[in-house]
Amino acid sequence: MTINERIIKAVKPIVPICVPDLYKGKALEYTTFTYSELPDLHADGTPGAIRYLCILTYVCASKKNVISTRQKLKRAILAAGGTYPMAENISDDKSQIWALEFEMEDGDV
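Asks: So what exactly am I meant to see when it comes to helix α2 (residues 67-79) here?
Replies: Given 3.6 residues per helical turn, the α-helix brings residues three or four places apart onto the same face. Taking 1.5 Å of rise per residue, the 13 residues of α2 would be expected to cover 18 Å, and the 18 Å separating its terminal C-alpha atoms lies within 8% of that figure. After α2 finishes, the residue G81 shows a positive phi value of roughly 100°.

If you want it as structure tokens, here you go:
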């Protein structure tokens, strides 16, 4: 399963819209994700795994109580093999926005 598939599978039961990079739809609640790839576990100059530095961005209405949703997203990422996410509030004047930062690893190099 690809890193994209793992993240989407973990998130969609909680927030049904989960897409990589950019969401262009009209829904008021959705998630997007991006990541950087870092080669890891080198042997003979070849990486044995890829470590992903991921950011899952959760967007919703500015007045919505999202404590429970954030906790569910964090637990889902952890269950999917990610590290427990750090959450940062990056809201603007139109929406509530949470950036969940975590790492995942993939041995399929």
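Asks: Help me understand the nonpolar core, please; the structure alone is not making it clear to me.
Replies: For soluble globular proteins, the rule of thumb is that nonpolar side chains tend to be buried together. Counting residues in each nonpolar core, the largest one holds 19 residues, and the members touching the most others are I7, V11, L56, Y58, L73 and F102. At the level of elements, α1 (3-11), β3 (49-61), α2 and β5 (95-106) are the ones that each hand at least two residues to this core. Of all the elements, β3 adds the most residues to this core, at 6 residues. The contacts of F102, once residues within four sequence positions are left out, are I7, Y52, L53, C54, L56, I77, T83 and P85.

Asks: Got a minute to help me understand the pattern of salt bridges in this structure?
Replies: A side chain with one charge may pair with a side chain of the opposite charge, provided their charged atoms come close. On inspection of all chains with the given rule, the structure shows 3 salt bridges. Between E29 and K64 there is a salt bridge whose closest N-O contact spans 3.0 Å. One end of the pair, E29, is in the loop between β1 (18-20) and β2 (30-40); the other, K64, is in the loop between β3 and α2, and 35 residues separate them in sequence. Its relative accessible area of 29% is what places E29 among the partly exposed residues. E103 is the partner of R51 in a salt bridge, and the nearest nitrogen-oxygen pair spans 3.2 Å. Of this pair, R51 sits in strand β3 while E103 sits in strand β5; the two residues are 52 residues apart in sequence, bridging distant segments of the chain. Owing to a relative accessible area of 27%, R51 belongs among the partly exposed residues under this scheme. Within the structure, one salt-bridge network assembled from shared partners comprises D40, R51 and E103.

Scoring rules and cut-offs
Residues numbered from 1 in each chain as written. Predicted model: local features only at pLDDT ≥ 70, side-chain atom pairs only at ≥ 80, totals over all residues. Heavy atoms only, no water. Helix = DSSP H or I, 4+ residues; strand = E, 2+ residues; numbered from the N terminus. Expected span 1.5 Å × (residues − 1). Core = buried A, V, L, I, M, F, W, Y, C linked by side-chain atoms within 4.5 Å. Buried < 20%, exposed > 50% of the residue type's maximum accessible area, 1.4 Å probe, protein only. Contact = heavy atoms within 4.5 Å. Salt bridge = Lys/Arg side-chain N within 4 Å of Asp/Glu carboxyl O.

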